[in-house]
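Chains, contacts and geometry: an overview
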Amino acid sequence: MKSRLYILFISLLLSTFAYAQAVSAGLDQDVCTGSSVTLSGSGAGSGGSYSWSGGISDGVSFTPTVTTTYTLTGTDANGCTGTDQVTVTVNAIPSAPTTDPSNVTEYCLNDASPSELLATPLSGHTLIWYDASNTVLSTAASRTPSTTTVGSTLYKVTQTDVNGCESSTLNITVTVNALPTISVVGGSSQTVCDGSPVI
């Protein structure tokens, strides 16, 4: 009788341990400040339920403000529970890149050799250039402006860090001026002798 009770006890202990191992809070996550995240538990089986520390709800997005380790408790249909943890790391948003004082931002129409626009990123950061409609133009270190159209063109540039967090934009406006219209004022065409003055 004792041996049967012992076996039953061991079986229950092992099943409880196995269940605890089955509950999963998912992989650790990295997010940027202001970004939302959704935590979802698994392993409690059909009819199971999940509760999280920190006042969050299973499968509902939220916006964390600081790096936090959340504890998941899963309860199966029989009332057995298991726990797991996941850490959400909140990475700071980098500052915007700074403008280069050597930038030339005013040209004449069809200037054949416009200078590259330069921005200064933080060490280890990557620049991203956009047009006024937020379409990515390039991820190069500089951007050569177009001078084929009269008017003002807005270029935007941000920087991203190793975590993929992107800064706010630095705006650079380039103005292209129309060429002056030149006309000769002096009446009709004249014919003169070599060396004679033209009035």
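Being a predicted model, the structure only gives us computed values, none of them experimental.

When helices and strands are tallied, the protein chain shows one helix and twelve strands. If you list the helices and strands of the protein chain from N to C, you get α-β-β-β-β-β-β-β-β-β-β-β-β. With 199 residues in all, the protein chain has 25% of them scored as buried. Long-range pairs, those at least 24 residues apart, make up 55% of the contacts in the protein chain with a sequence separation of at least 6. Summed over all atoms, the accessible surface of the protein chain reaches about 12600 Å², with 55% contributed by carbon and sulfur.

Below, the discussion takes up the sheet that holds strand E11 (residues 151-160). The mixed open sheet is built from five strands, whose spatial order is E6-E12-E11-E8-E9. In this open sheet, the two strands that pair with only one neighbour each are strand E6 (106-108) and strand E9 (136-138). Put simply, the sheet's adjacent strands are angled 35° from each other on average, direction ignored. Strand direction decides the pairing type here: E6 and strand E12 (residues 170-177), joined by three bridges, are parallel. Within E12, the residue paired with Glu106 across the bridge is Thr175.

Here the focus is the pairing of strand E7 (residues 117-120). Of the two faces of E7, the one lined by Leu117 and Ala119 is fully buried and the one lined by Leu118 and Thr120 carries no buried residue. Here strand E5 (residues 98-99) pairs with E7 via two bridges, running antiparallel. Directly across from Thr99, in E7, lies its bridge partner Ala119.

With that settled, the discussion passes to the sheet that holds strand E3 (residues 68-75). Read across the open sheet, the four strands follow the order E1-E4-E3-E2; overall the sheet is mixed. Of all the strands in the sheet, just strand E1 (29-32) and strand E2 (49-52) have a single pairing partner and so form its edges. When strand polarity is set aside, the average angle formed by the axes of neighbouring strands in this sheet is 30°. Across four bridges, E1 lies against strand E4 (residues 81-91) in parallel orientation. From the neighbouring strand, Val31 faces E4, where its bridge partner is Val90.

Here we come to the state of the cysteines. A full pass over the atoms with the stated rule returns one disulfide. Residue Cys32 pairs covalently with Cys165 via a disulfide, S to S 2.1 Å. The disulfide joining Cys32 to Cys165 has a torsion of about -100° about its S-S bond and is therefore left-handed. Taken together, the residues span a long stretch of sequence, with Cys32 in strand E1 and Cys165 in the loop between E11 and E12 at a distance of 133 residues. When its relative accessible area of 15% is taken as the criterion, Cys32 is described as buried. By relative accessible area, which is 0% here, Cys165 ends up buried.

Turning to the nonpolar core, a few remarks are in order. Judged by nonpolar contacts, the single largest core of 13 residues is most densely connected at Leu39, Trp52 and Tyr70. Tallying contributions element by element places E4 first for this core, with three residues. Within the second largest apolar cluster, ten residues are counted, among which are Leu117, Leu127, Tyr155 and Val174.

Rules and cut-offs
Residues numbered from 1 in each chain as written. Predicted model: local features only at pLDDT ≥ 70, side-chain atom pairs only at ≥ 80, totals over all residues. Heavy atoms only, no water. Helix = DSSP H or I, 4+ residues; strand = E, 2+ residues; numbered from the N terminus. Buried < 20%, exposed > 50% of the residue type's maximum accessible area, 1.4 Å probe, protein only. Contact = heavy atoms within 4.5 Å. Areas by Shrake-Rupley, 256 points an atom, 1.4 Å probe, with all protein chains shown as cover. Pairing = 2+ DSSP bridges. Axes fitted to C-alpha atoms, helices over the stretch in contact; angles between N-to-C directions. Disulfide = S-S within 2.5 Å. Core = buried A, V, L, I, M, F, W, Y, C linked by side-chain atoms within 4.5 Å.

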